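Residue-level structure breakdown
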Amino acid sequence: MKKVLIAGRGEIAVRIARACRVLGIGSVAIYSDADAGARHVRKADEAVRVGPAESALSYLDIAAVLAAARLTGADAVHPGYGFLSENPDFASAVADAGLTWIGPPAAVIAPIRSKTAAKDVARAAGVPTAPSAVLDDLSEAGLQAAATHVGFPLLVKPEDGGGGKGMQRVDRMEDLVPAVQAARRVAASAFASDRLLLERCIEGARHVEVQVLGDQHGDAVHVFERDCSVQRRHQKVIEESPCPVLTLAERAAICESGRAFARHVGYVGAGTVEFLFDPVSRAHYFLEMNTRLQVEHPVTEAVVGLDLVVTQLRIAQGARLAELFGPEGLQQRGHAIEVRVYAEDPADGYVPQAGTLQRVVWPDAPMVRVDAGFETGDVVPVHYDPMLAKIIAWGRDREEATLRMLAALRETVVHGVATNIPMLIDVLQQPSFARSEVNTGWLDAFYGTEGPGYGVAPSDAALLALALAGPGQAAAGAASARHAAGPAAARDPWDMLVGLRVGGGRS
Amino acid sequence: MKKVLIAGRGEIAVRIARACRVLGIGSVAIYSDADAGARHVRKADEAVRVGPAESALSYLDIAAVLAAARLTGADAVHPGYGFLSENPDFASAVADAGLTWIGPPAAVIAPIRSKTAAKDVARAAGVPTAPSAVLDDLSEAGLQAAATHVGFPLLVKPEDGGGGKGMQRVDRMEDLVPAVQAARRVAASAFASDRLLLERCIEGARHVEVQVLGDQHGDAVHVFERDCSVQRRHQKVIEESPCPVLTLAERAAICESGRAFARHVGYVGAGTVEFLFDPVSRAHYFLEMNTRLQVEHPVTEAVVGLDLVVTQLRIAQGARLAELFGPEGLQQRGHAIEVRVYAEDPADGYVPQAGTLQRVVWPDAPMVRVDAGFETGDVVPVHYDPMLAKIIAWGRDREEATLRMLAALRETVVHGVATNIPMLIDVLQQPSFARSEVNTGWLDAFYGTEGPGYGVAPSDAALLALALAGPGQAAAGAASARHAAGPAAARDPWDMLVGLRVGGGRS
Amino acid sequence: MKRQFEDARGNRFEVSSSPAADGAHSVEILRGEGAVRQDARVRRAPGGEWLVEVGGITRTVYLSVGQNDTWISSLSAGDSLSHTVRLKPVEQRRAGRGDANPTAHLRSPMTGRVVVVHVAAGDHVVKGQPLLVVEAMKMEHVIKAPRAAVVLRVACAVGRQVEGGAELVELEPEQA
Amino acid sequence: MKRQFEDARGNRFEVSSSPAADGAHSVEILRGEGAVRQDARVRRAPGGEWLVEVGGITRTVYLSVGQNDTWISSLSAGDSLSHTVRLKPVEQRRAGRGDANPTAHLRSPMTGRVVVVHVAAGDHVVKGQPLLVVEAMKMEHVIKAPRAAVVLRVACAVGRQVEGGAELVELEPEQA
């Protein structure tokens, strides 16, 4: 492996370029027109344009991505996360082009892509699943039989869905038929199929996932677990490792479930087996497998002391897991917390923000890691996920990690777009968070739809600077930013992008 | 402890402010006129001027430093390293002012400040020392008796000296008298006293030091060892942990020696017990104790997973070591390497450099830490130590740590002053370094006086940029730098500071 | 010169300064709870930060002035009111509202799909009223009326993909 | 326009460019080992980096132009010749040497103590000849003659403290 094409953008593309550099492997970034000067372009050895801003015509265009690999002589492809990372056609096309695919082969991905099929595999592997049923028979009797099998409370879910969309909770048999009808309407309009699934609803469940690694020689191991229960509208916001509520035996059981699933499917590369953990019954239930690197992989890296991306590359080069870890194997040490910093406006229902980052100061403190997709002068485009960076803090225990994260967030500066940092600081100081009395619904219930907004007023020092530094003097920060933020900045404050502040690129 | 005054500058002052922030403690930086806008001023909560550029009238002025503490209401003082950090008068003055001294009390420092006294303490503590003798009797017979006691080869050393100055190696009795005479002349002119010491010369010795911690309740522990054998003219350049050549038994023995010494003197806070390790006899010999935080403390932090500065603060608050580390105690994991990035010109005999940093890009890769005193736009003054930053890389083993460091150094950009980065990259790639066949004289012997110079020529991409980016366009980088670099920049290229490039602050 | 700013919650802050002794300035700060007067100096650090000195103690402030917003951060733990705040100059907002241009084009903040449209041409809407919902990256975002207005035209339809910056609704502001 | 640069080892590099098709420029690079011609585009990234595109492949270059030096870094591992290089424009050096001002003041690169003086007024020195030694931070630094010259005056003495920037020796360059 001499040169890796990175089929992604933002922080993860930067992260992968760095792993390549450690191993002395070249890296090729790809970019759409909206990302022509982006940080991931600057941090790779080489970069190639793959199309216009729309993902479908650039980052999702398999032919364009493979052409970029040909142009640069890349001999391997790392899919990052998102975009084509879990697309078996892409994995096949890469292999067919004679390139090394850094991930599981298409044959491994295909059988576990559907939620229902993956559950069947889990059962076959002896991994616990929550009671569920596919709704093939839509007669009232058929529905009732399925619901009786699954048990109440239950969730009606579009089989191809995601992000909680179209999901309905049903507590009683008499609410079942209307719920199924509503869910079918949503599924039909939003997803490829209107097939539905019934699944037992685990009340107050935590999201616990197990990092797994498989090599090309049939070996698979787990790399312990992460807890991702702090979610806003089904999107992870804060992740940590280890899961703070598991006993040693529970940790061993859930990690072994992850490993068993990976081994059963002959997994190759890095993947994540997701579970719901019921804090009352202390049981865990298989949810799905993500056949790629996760956004939150750094908390595992911090606690275990293992570079997962370097390991992905080594596995793709044919290394055996046993060689990689040596006789001591892998252990957890201390506690790590990750927060996702999003460009979104807490004062306006968390609408995504785009624009020019007039100033960014990421924390660079000891035992704090920042995986950033953006820095001062960069433009956050309107076209993609608004995550600016991940901040990861490690401590000898969870309290120390939390204190370190709070200190890191308090010295983070982002000017030009609103961010969720005030909310992150607020959450990390909640007694419920300190006691880890959280579940996947906690954050939404805690804040309602509006979030905490801005919790702070300007300090005296800030207002003194404002009084003495003229607006003309203060604008120098982003002087070198040259690119406009997608659509040209409107001059009339009324005629503007809703919730979007396009910084003055030329100010 | 509510607010800590940090009696230092540069990267260590930034480091300490961060530890304060983790614990929710306020921080006060001090600055001389040469550091009025320095990074350590910006990263602390508050900052106070203590005097003009000359250290003697600012950072070394005990009254000025204490006045800054009074002005800001600081209730504790952290001395950092260098300047007043090992001065018992300062420790006493801080305590007398009713402030908490974050370090060992004056009574602990005083008896081990002199090399001879510290060796006596080591012997009393059962810690091995190399044969040595103080030269009280300067008659030829007296000299011969002392030399016979010590054994050849031996070193003649000024007792108050440092940095290898005035040190002479003597291999035969007949060379002794002239060597002593020469050393006395140097000592008389360079140090407070012309007293000399004979010490057995350990050929090919490595510098191995043990990090220790003591609490206010009489407990002391070691936090394992560091190897600092890669030195240029007696200044550490690359440090690592663990020491790559020790067996488990040797590691246990040298660490226990460090702990025994610390316990014997009733040590409080963080300190380092330095040893020479003889790779042939496998014996270690006490050298001296540094009663402060070391520059190279991050390699210990990376391997052990312990924040030494936070621990210093907690010890000063009265915490017990047993509480801080819990039942699991402290273990080493993996390997860490630190390099010191100096502003010095490899093309000109490593003369220190000062000037405006037109652009700085520090690596922010996973498992790499940067403790930086400077960033883009900052001015490196002529008055102080020219260390710009420390870069620390961790890996599961020494080879991985080395690869990670090389990747980090290759993505580091420093424009405006020359640095030793080309030398660091070169050293890390030497087979002798990979096999760790180094000792404290290795680097000087390897390079001679000139160093490796610049090992690279501009790439094609670099020359294309040079051709297409006009000099006028390219100068925008440091546009916001306002401060001149000490003495005004001379206009005539002949009438300039030797080896010093004063960047165009107004370009 | 007196200058007034407003934060996201509508709190107002007024600052004014006049020269004082020794190159310092006397600054008056007016918050909701009353006025404070301090003699201060300010200078620029190499990285562009502002160093504010009062009574010999210097604090660091990050300040960025954009087209519509002023962003300001101070990191001093000694200030319990630290971190980043987004302010709008009040003068500017007034000028903006007095503009002659009577129509406003609401544009999509992101590339996504319109999943709900709550309004039709001719509807009167109040400030903050949900107008439509755009879904992107598995998240739904509610687009609200920036102020009281009449809907002139709905420029999108349910199920349609919209580019970031594409017009969604045209509004005619109602004079409050 | 042709421009010539010299690195710290005296290697020279010459670059020249002329407009080519489609907004690209045709660039000729002359190294010791010969000339290369490439069609390239260059544009500025948000952080001020230069993005150099040749044949559809973009590489990133950091470039800083100071008063005497041009600093340039490229991080591509694909380039075996990567990392930071300090170059001097050759034109400028020539202009400097041709100046009317015949004397040069060597100044101390740091605050320290003069520990050795090797020369006296009237001495002829060659380029690179050690003139004196300044000690600072426990390190000794040898100050060498920047070119062949006659020592006009020694402005310091052994054992004396010198400030960074203080004059050490006055030289009269000899015409080579």
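From a predicted model like this one, the values you see are computed outputs, not experimental measurements.

1. Remarks on the overall build of chain A
Looking only at helices and strands, chain A features 18 helices and 23 strands. Computed over C-alpha atoms, the radius of gyration of chain A comes to 23 Å, within 12% of the 23 Å expected from 2.2 N^0.38 for 507 residues, which places it in the range of a compact globule. In terms of its C-alpha atoms, chain A occupies a principal-axis envelope of roughly 70 × 55 × 45 Å. By the burial criterion, 66% of the 507 residues in chain A qualify as buried. When contacts within chain A are restricted to residue pairs at least 6 apart in sequence, long-range pairs at least 24 apart make up 66% of them. With the model as given, the accessible surface of chain A reaches about 16100 Å², and the carbon-plus-sulfur share is 52%.

2. Regarding the domain arrangement of chain C
Entries for chain C in the domain assignment read domain 1 (2–96) and domain 2 (102–173). Between the C-alpha centres of domain 1 of chain C and domain 2 of chain C the distance comes to 35 Å.

3. Structural notes on the sheet that holds strand 14 (residues 149–154) of chain D
In a beta sheet, neighbouring strands are held together by backbone hydrogen bonds and run either parallel or antiparallel to one another. All names here are of chain D. The four strands lie next to each other as 9-16-14-11, forming an open sheet whose pairing is antiparallel. Taken across any chain shown, the strands that pair with only one partner, and hence form the sheet edges, are strand 9 (104–107) and strand 11 (124–125). As defined by bridge partners, strand 11 adjoins strand 14 across two bridges and the pair is classed as antiparallel. Bridge pairing in strand 14 places V125 opposite A149.

4. Details of the sheet that holds strand 13 (residues 269–277) of chain A
All names here are of chain A. Pairing in this open sheet of eight strands is antiparallel, and the strands run 14-13-10-11-12-15-22-20 from one edge to the other. What marks the edges here is a single partner per strand, and that holds for strand 14 (284–290) and strand 20 (368–372). Averaged over all adjacent pairs, the angle separating strand axes in this sheet is 25°, with direction ignored. The pairing of strand 10 (residues 206–214) with strand 11 (residues 220–232) spans six bridges and is antiparallel. Bridge pairing in strand 11 links V208 to D227.

5. Describing the packing of aromatic side chains
Taken as a whole and judged by the stated rule, the model has 16 aromatic pairs over all chains. Residues B:F275 and B:F286 carry aromatic rings whose centres are separated by 6.3 Å and whose planes lie at 80° to one another, so their mutual orientation is edge-to-face. Of this pair, B:F275 sits in strand 13 (residues 269–277) while B:F286 sits in strand 14 (residues 284–290), and the two are eleven residues apart along the sequence. Both residues of the pair, B:F275 and B:F286, belong to the buried class. Within the aromatic cluster, the residues linked to one another by ring pairs are A:Y59, A:F83 and A:Y384. Against the face of A:F433 rests A:R398, its NZ or CZ located 4.4 Å from the ring centre.

6. Thoughts on the domain arrangement of chain A
A common way to report how large an interface is uses the accessible area buried once the components associate. Entries for chain A in the domain assignment read domain 1 (3–102), domain 2 (131–200) and domain 3 (203–333). Each of domain 1 of chain A and domain 2 of chain A was reduced to a C-alpha centroid, and the two centroids are 38 Å apart.

7. Let's talk about the interface of chain B and chain C
Contacts between the two partners involve 20 residues from chain B, matched on the other side by 19 residues from chain C. Buried area between chain B and chain C, summed over both chains or domains, comes out near 1500 Å², and the portion from carbon and sulfur atoms is 48%. Between the two partners, chain B and chain C, sit two salt bridges. One salt bridge in this structure joins B:R42 and C:E49, with 2.9 Å as the shortest N-O distance. Linking chain B with chain C are six residue pairs in polar contact (both at pLDDT 80 or more), by the criterion used here.

8. Comments concerning the side chain of B:S241
Residue and element names in this part refer to chain B. Residue placement: S241 occurs in strand 12 (residues 235–241). Overall, the relative accessible area of 2% leaves S241 in the buried class. A distance of 2.7 Å separates a polar side-chain atom of S241 from the backbone oxygen of E225. Among residues more than four places away in sequence, those in contact with S241 are E225, R226, V299, V303, Q332, G334, H335 and A336.

9. A closer look at the pairing of strand 4 (residues 34–44) of chain C
All names here are of chain C. By the bridge criterion, seven bridges tie strand 3 (residues 25–31) to strand 4 in an arrangement that is antiparallel. Within strand 4, the position partnered with S26 by the bridge is D39. In this structure, the hairpin formed by strand 3 and strand 4 is closed by a connection of two residues. In terms of strand pairing, strand 4 meets strand 5 (residues 50–54) through four bridges, oriented antiparallel. Of the residues in strand 5, the one forming a bridge with V42 is V52.

10. Structural notes on the confidence of the model for chain C
Residues and elements named next belong to chain C. Taken over all residues, the pLDDT of chain C has a mean of 82, while the share at 70 or more is 86%. Here helix 1 (residues 90–97) is the element of chain C with the lowest mean pLDDT, 53, and strand 5 is the one with the highest, 94. In the model, residues 92–101 has pLDDT below 50 throughout and makes ten contacts with residues more than four positions away in sequence or in other chains. Reported confidence for the predicted complex is 0.86 by ipTM and 0.88 by pTM.

11. Regarding the side chain of B:T402
Residue and element names in this part refer to chain B. Looking at the element boundaries, T402 is found in helix 13 (residues 398–410). Since its relative accessible area comes to 10%, T402 is described here as buried. In contact with T402, other than residues within four places in its own chain, are I337, L428 and F433.

12. Side note on the pattern of salt bridges
Throughout the structure, instances matching the rule amount to 106 salt bridges over all chains. Note that A:R42 is salt-bridged to A:E375, the shortest N-O span being 2.7 Å. On the criterion of sequence distance, the pair formed by A:R42 in helix 2 (residues 39–43) and A:E375 in the loop between strand 20 and strand 21 (379–380) is long-range, its members being 333 residues apart. A residue is classified by how much of its surface remains accessible, and A:R42, at 2% relative accessible area, is buried. Under the relative-accessibility criterion, A:E375 is labelled partly exposed at 24%. Residue B:D227 is joined to B:R206 by a salt bridge in which the shortest nitrogen-to-oxygen separation is 2.8 Å. Of this pair, B:D227 sits in strand 11 (residues 220–232) while B:R206 sits in strand 10 (residues 206–214), placing them 21 residues apart in sequence. There is no split in this pair, since B:D227 and B:R206 are both buried. The structure contains a network of salt bridges with shared partners spanning A:R18, A:R21, A:R39, A:R42, A:D45, A:E375, A:D378, B:D364, B:E411 and D:E49.

Parameters and conventions
Residues numbered from 1 in each chain as written. Chains lettered and ligands numbered in written order. Predicted model: local features only at pLDDT ≥ 70, side-chain atom pairs only at ≥ 80, totals over all residues. Heavy atoms only, no water. Helix = DSSP H or I, 4+ residues; strand = E, 2+ residues; numbered from the N terminus. Rg over C-alpha atoms; globule rule 2.2 N^0.38 Å. Buried < 20%, exposed > 50% of the residue type's maximum accessible area, 1.4 Å probe, protein only. Contact = heavy atoms within 4.5 Å. Areas by Shrake-Rupley, 256 points an atom, 1.4 Å probe, with all protein chains shown as cover. Domains from an automatic or database assignment. Pairing = 2+ DSSP bridges. Axes fitted to C-alpha atoms, helices over the stretch in contact; angles between N-to-C directions. Phe/Tyr/Trp six-rings, centres within 6.5 Å; stacked < 30°, edge-to-face > 60°. Lys NZ or Arg CZ within 6 Å of the ring centre and 35° of its normal. Buried area = accessible area lost by both parts, 1.4 Å probe. Salt bridge = Lys/Arg side-chain N within 4 Å of Asp/Glu carboxyl O. Polar contact = N/O pair within 3.5 Å; in protein donor to acceptor, adjacent residues only side chain to side chain. pLDDT = per-residue confidence, 0-100.

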